[in-house]
Amino acid sequence: MGKTIIIAEAGVNHNGDMTTAKGLIDAAATAGVDYVKFQTFKTENLVSSDAPTAEYQKTATNETSQFAMLKRLELSETQHLELIDYCHQKGVKFLSTAFDLDSIDLLSRFDLDFWKIPSGEITNYPYLVKIARTSKPVVMSTGMCDLADVKNALDVLTQNGVKKEHITLLHCNTQYPTPMSDVNLNAMITLADTFGVKTGYSDHTQGIEIPIAAVALGSTVIEKHFTLDRNMEGPDHKASLEPQELNAMTIAIRNVEQALGTGDKTPSSSETPNKQVARKSIVAKRQIKQGESFTEENITVKRPGNGISPMRWREVIGTTATRDFAPDELIEI
């Protein structure tokens, strides 16, 4: 299995403050993730003036207006460039999700490695077409979707310039935080089997065990929200990892990648020396005289395993001892 792409989702957890945004980049770089991802939008293009907040947003911010909440969280072009430069300094790649057509134009100027399409835009036909016409790879979340929704979006992307092999679908549940009973991680496998594309997982559960399990199931991309402090005010902090948890998740994912191995069932180099220690050989149960036949009464099986394998038991029974054997001595035939 190849290396899992780990996207640390800073999102809007910078709260509109560049010092906090850079602190998030520091934490992502320290954790050793591949990308730190922000969100790019013009509030006027994203939501109507009377759009209500989701229940989790209302609880986290006491804000009933999406417009007012999001306006405080916009990043300007200058701020984007500053964060991109800071990512470069820290050795972690910058990524951002565009939430409107103008923001696609902005991010196009930065030549990012791929597009990250959020769950909410999967039914946005003009948005999908604009992204597809750049012909760049796409990683697309599929929260709130059934298979028909996913197929329709894939059709738009592939018919407008994105090669199927350059698309990765992320299974996702958009509730913040996601109840464990609603994760349905096996749906990631269903996406892979149904559409024949690479798959991954965008996680909104609390904790790190579900992303780790997703990697064990074959996820090629993991996306996870993180914050500097879950107690900060803002819509996504409560469902985010703190820096030490992000670090632990990254270490665990890299360990799981190694542990998955090649799939070949052969003894590993580390365990091969244990064969003689843990396996057994046929030995004398009591003193055996030369010329005596080996029987179930005078031979037995004990460690170490550097003699005749017990799997040859029937071959040994009935043969004649060519010399004397002391108790526990390895049998030779």
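Our subject is the structure that appears above.
Residues numbered from 1 in each chain as written. Predicted model: local features only at pLDDT ≥ 70, side-chain atom pairs only at ≥ 80, totals over all residues. Heavy atoms only, no water.

J.: Which parts of the structure should I look at to understand the packing of helix H7 (residues 125–132) against helix H8 (residues 147–159)?
T.: How two helices pack is summed up by the angle between their axes together with the distance between the axes. Where H7 meets H8, the closest approach of the two axes is 8 Å, and the angle between their N-to-C directions is 40 degrees. The angle between H7 and H8 places the two elements in the oblique class. For the pair H7 and H8, the crossing hand works out as right-handed. The segment H7 lies against H8, with Tyr125, Leu128, Val129 and Ala132 engaging Ala153, Val156 and Leu157. For the contact of H7 with H8, the class distribution of residues is seven nonpolar, no polar and no charged. (Axes fitted to C-alpha atoms, helices over the stretch in contact; angles between N-to-C directions. Helix = DSSP H or I, 4+ residues; strand = E, 2+ residues; numbered from the N terminus. Parallel < 35°, antiparallel > 145°, perpendicular 65-115°, else oblique. Left-handed = near helix turned anticlockwise from the far one by under 90°. Contact = heavy atoms within 4.5 Å. Nonpolar A, V, L, I, M, F, W, Y, C, P; charged D, E, K, R; others polar.)

J.: I'm lost on the nonpolar core in this one. Help?
T.: Within soluble globular proteins, side chains that are nonpolar tend to cluster in buried spots. Val36, Phe38, Met140, Leu157, Leu169 and Phe226 are the most contacted members of the largest nonpolar core, which totals 69 residues. If one sorts the elements of this core by residue count, helix H1 (residues 18–31) sits on top with seven residues. Those residues in contact with leucine 169 that sit more than four places away from it in its chain are Met140, Thr142, Val150, Leu154, Leu191, Phe195, Val197, Lys198, Thr199 and Gly200. If you look at the next biggest cluster of nonpolar residues, it comprises ten residues, including Ile282, Ala284, Ile299 and Ile331. (Core = buried A, V, L, I, M, F, W, Y, C linked by side-chain atoms within 4.5 Å. Buried < 20%, exposed > 50% of the residue type's maximum accessible area, 1.4 Å probe, protein only.)

J.: When you look at the packing of helix H6 (residues 101–108) against H7 in this model, what are you seeing that I'm missing?
T.: Orientation of H6 relative to H7, taken along the N-to-C sense of each, is 15 degrees, at an axis distance of 10 Å. When the axis of H6 is compared with that of H7, the two are roughly parallel. By crossing handedness, the relation of H6 to H7 is classed as right-handed. Here H6 contributes Leu101, Ile104 and Asp105 to the contact with H7, which in turn contributes Pro126, Tyr127, Lys130 and Ile131. Classifying every residue of the contact of H6 with H7 gives five nonpolar, no polar and two charged.

J.: Explanation requested: the side chain of histidine 225 in the structure shown.
T.: Residue placement: histidine 225 occurs in strand S8 (residues 221–225). In contact with histidine 225, not counting residues within four places along its chain, are Glu9, Gln39, Tyr176, Asp203, His204, Asp236, Ala239, Ser240 and Leu241.

J.: For this particular structure, what's the right way to read the sheet that holds strand S5 (residues 138–141)?
T.: Sheet strands pair via backbone hydrogen bonds, and the direction of the pair is either parallel or antiparallel. One open sheet accounts for eight strands, arranged S3-S2-S1-S8-S7-S6-S5-S4; its pairing is parallel. Only two strands of the sheet have a single partner each, and these edge strands are strand S3 (93–98) and strand S4 (115–117). Taking the axes of each pair of neighbouring strands and ignoring which way they run, one obtains an average angle of 25 degrees across the sheet. The sheet contact formed by strand S2 (residues 35–40) and S3 spans six bridges and is parallel. Across the sheet, glutamine 39 pairs through a bridge with threonine 97, a residue of S3. Seen against the sheet, H7 touches S3, S4 and S5 and runs at an angle of roughly 165 degrees to S4. Across the sheet, helix H10 (residues 209–216) lies against strand S7 (198–203) and S8, angled at about 175 degrees from S7, the strand it touches most. (Pairing = 2+ DSSP bridges.)

J.: What am I meant to see in the environment of valine 33 here?
T.: Note on placement: valine 33 falls in the loop between H1 and S2. For valine 33, a relative accessible area of 7% corresponds to the buried category. Sequence separation between valine 33 and aspartate 203 is 170 residues; the distance between their C-alpha atoms is 15 Å. Apart from the residues lying within four places of it in its own chain, the contact partners of valine 33 are Ile6, Ala8, Ala28, Val92, Leu246 and Thr250.

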